[in-house]
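# Tertiary structure, described
Single-letter residue listing:
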Amino acid sequence: MPTLGPSLLFAAGLTIGVGAGVLYPRKPTSTGPTVQLPPPPPEGGKQESRALIPTAVGSAVLAHGFPGPTPDILKRTAYTAAYDRRLKHPAWTAEHLTSTSLARTPPPAAAGTQTVPLDQARKADTTGNGEKVVTKGDRSKSVFMEDEGVPEIFRAKLQDYFKSGYDRGHMVPAADAKISQQAMNETFYLSNIAPQVGDGFNRHYWAYLEDFCRRLTNNFEDVYVFTVPLYLPAKQPDGKWRVSYEVIGNPPSVSVPTHFAKVILASRPDFAYPQKPGPANPNQNPAYPTTSASTIKELALGAFVLPNAEIPDQADLRSFIVPVEHVEKAAGLQLFNDQVKSKSKQLCSMTQCQVIVRRFDDARKSIGKK
Ligand SMILES: *[C@@H]1O[C@H](CO)[C@@H](O)[C@H](O)[C@H]1NC(C)=O
């Protein structure tokens with residue numbers, strides 16, 4: 001298969017480079033030394049967060065302030081992100097997708113409380129579309145913006161991307177923020193952007209993966225998506241592992257990730273259990289009429305790591321699956337706790353993990369040529 005090449009390469013890098021899947025269960029931090037973390041910066045933070053922060057390990061040592069790292073926590077209408085001041089792109093972004101948040105017409109409500117049209121939804125998951133998409137946010141009305149919430153010296157600049165050869169790749173896609181023009185505009189902050197290979201990646205396979213995440217809302221009630229830029233080591237001819245990446249801008253400023261991960265947690269009522277109808281809730285999604293606080297949910301968890309490189313359209317999405325822990329270890333993040341992980345089934349055992357190839361831009365190009 002022609003598609004095995006790149007994915008095998010990166011899989012080797014991930015498995016060996018990141019460590020052979022060794023799991024260190026997180027211990028309660030109460031046993032360790034008490035270190036008081038600095039408070040998170042103000043939301044969308046305008047101020048510098050270099051206030052004097054006494055820490056238990058030595059307020060005298062840090063008499064002149066806590067140096068960081070400071071995660072700029074950016075709370076937006078459609079997502080939350082943490083910004084990495086050293087790399088000058090997000091450390092991660094998080095979204096909660098539902099058929100409502102995507103401003104799609106939810107699938108027709110099932111009669112009664114026992115059946116959800118899962119087969120129908122599964123079909124929609126792979127054949128896609130047919131559904132009416134109500135668009136409130138319009139991409140053509142948004143422009144890329146520098147994020148003034150990030151202190152100037154740490155900020156990614158439009159100039160850094162200019163003629164870099166890389167696309168300004170959305171971590172939270174604009175199409176996930178159709179709920180309002182403001183929500184969509186906010187996805188165009190450079191604090192939600194990382195440099196991505198354009199042809200064959202940002203404009204193609206990565207976009208198919210984003211579409212896959214949205215289509216999961218046909219099949220699941222709640223879809224939580226983390227997008228995480230990664231720097232993975234690759235084996236060099238001298239046998240050593242090194243992380244090699246470009247830095248764009250003049251002077252160089254914004255780092256170009258070697259890989260990008262999407263980690264997805266999806267949930268829906270578990271109809272293997274008899275479910276009691278919940279109390280009437282006007283905000284409830286009619287596709288899931290039984291959902292209430294007491295509803296027993298089934299969870300599906302999946303992680304995909306893609307190289308920041310041209311990926312052939314025919315590549316099998318499943319060839320990019322990795323254990324969630326590999327992403328966590330490579331990124332230094334705990335995305336989901338052990339309880340959620342142990343309760344979750346594999347996403348691709350619960351839904352068909354397949355991308356739909358859409359070459360919109362090529363269609364446009366050929367129209368343009370006429
Ligand atoms: C979205 O961005 C565009 C372009 O900068 C601007 O004209 C428009 O007012 C913004 N809309 C909202 C709702 O923020």
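Residues numbered from 1 in each chain as written. Predicted model: local features only at pLDDT ≥ 70, side-chain atom pairs only at ≥ 80, totals over all residues.

The protein appears in an unreviewed UniProt entry as Endonuclease from Kwoniella dendrophila CBS 6074. In its Sequence similarities (unreviewed entry) section, the UniProt entry covering the protein states "Belongs to the DNA/RNA non-specific endonuclease family." Of the comments in the UniProt record for the protein, the one headed Cofactor (unreviewed entry) reads "Mg(2+)". (UniProt positions renumbered as here; feature names shortened; annotations may be inferred.)

## Observations regarding the overall build of the protein
A tally of regular secondary structure across the protein gives 10 helices and 14 strands. Here the protein holds 370 residues, and 37% of them are scored as buried. Long-range contacts, defined here as pairs at least 24 residues apart, represent 73% of the contacts in the protein between residues at least 6 apart. (Helix = DSSP H or I, 4+ residues; strand = E, 2+ residues; numbered from the N terminus. Buried ≥ 20, exposed ≤ 12 C-beta atoms within 10 Å, placed from the backbone. Contact = placed C-beta atoms within 7 Å.)

## Some words on the environment of Glu 146
Here Glu 146 is to be found in the loop between helix 2 (118–127) and helix 3 (158–161). Owing to 16 C-beta atoms within 10 Å, Glu 146 belongs among the partly exposed residues under this scheme. Between the alpha carbons of Glu 146 and Ser 191 there is a distance of 7.4 Å; along the sequence they are 45 residues apart.

## Description of the site of the ligand
As a matter of local geometry, the ligand sits amid Lys 141, Ser 142, Val 143, Gln 181, Gln 182 and Asn 185. When the residues that make up the shell around the ligand are grouped by side-chain class, the tally is one nonpolar, four polar and one charged. (Near = placed C-beta within 6 Å. Nonpolar A, V, L, I, M, F, W, Y, C, P; charged D, E, K, R; others polar.)

## Some words on unusual backbone geometry
Omega for the bond connecting Gly 68 with Pro 69 falls within 30 degrees of zero, at 5°, which places this linkage in the cis form. Within the element layout of this structure, Pro 69 appears in the loop between helix 1 (4–17) and strand 1 (72–75). At the junction of Asn 250 and Pro 251, the peptide bond is cis and its omega measures out at 0° in the coordinates. Residue position: Pro 251 is located in the loop between strand 9 (247–248) and strand 10 (254–255).

## Examining helix 7 (residues 324–331)
Burial in helix 7 covers these residues: Val 324, His 326, Val 327, Glu 328 and Ala 330. The first or second residue beyond helix 7 is Gly 332, which carries a positive phi of 70°.

## So, the confidence of the model for the protein
For the protein, per-residue confidence averages 78 on the pLDDT scale, and residues scoring 70 or more make up 68% of the total. Considering only residues more than four positions removed or in separate chains, one finds that residues 44–51, a stretch of pLDDT under 50, has 13 contacts. (pLDDT = per-residue confidence, 0-100.)

## Quick notes on the nonpolar core
Val 223, Ala 261, Val 263, Ile 264, Val 305, Leu 306 and Val 327 are the most contacted members of the largest nonpolar core, which has 69 residues in total. Per-element accounting of this core gives the leading share, seven residues, to strand 12 (residues 297–307). Setting aside chain neighbours within four positions, we find Val 263 in contact with Phe 226, Val 228, Ala 303, Val 324, Val 327 and Leu 335. (Core = buried A, V, L, I, M, F, W, Y, C linked by C-beta atoms within 7 Å.)

## Focus on the UniProt feature "active site" (unreviewed entry) in the protein
On the UniProt side, "active site" (unreviewed entry) is annotated at positions that read His 170 here. Assignment of secondary structure puts His 170 in strand 4 (residues 167–170). A count of 23 C-beta atoms within 10 Å places His 170 in the buried class. Sequence-distant contacts of His 170, that is, excluding residues within four places in its chain, are made with Thr 187, Asn 192 and Ile 193.

## Regarding helix 6 (residues 205–215)
Within helix 6, nine of the 11 residues are buried, which leaves the element mostly enclosed by the surrounding structure. Of the positions making up helix 6, those classed as buried are Tyr 205, Trp 206, Ala 207, Leu 209, Glu 210, Phe 212, Cys 213, Arg 214 and Arg 215.

## Description of the environment of Arg 318
Considering the arrangement of structural elements, one finds Arg 318 in the loop between strand 12 and strand 13 (321–322). Sequence-distant contacts of Arg 318, defined by excluding residues within four places in its chain, comprise Cys 348 and Cys 353.

## Re the pairing of strand 2 (residues 80–84)
Along strand 2, the buried face is formed by Ala 81 and Tyr 83; none of Thr 80, Ala 82 and Asp 84, which line the opposite face, is buried. Pairing analysis gives four bridges linking strand 1 to strand 2, with the strands arranged antiparallel. Within strand 2, the position partnered with Asp 72 by the bridge is Tyr 83. Hairpin connection between strand 1 and strand 2: a loop of four residues separates the two successive antiparallel strands. Once strand 2 ends, the chain turns through four residues before running back antiparallel as strand 3 (residues 89–97), passing Lys 88 with a positive phi of about 65°. (Pairing = 2+ DSSP bridges.)

## Topic: the pairing of strand 6 (residues 222–230)
In terms of burial, strand 6 is largely enclosed, as eight of its nine residues are buried. Pairing geometry for strand 3 and strand 6, over five bridges, is antiparallel. Residue pairing for strand 6: His 96 is matched across the bridge by Tyr 224. Sheet topology note: the strand 6/strand 11 (residues 259–269) ladder contains nine bridges and is antiparallel. Its bridge partner lying in strand 11, Val 223 is registered against Ala 266.

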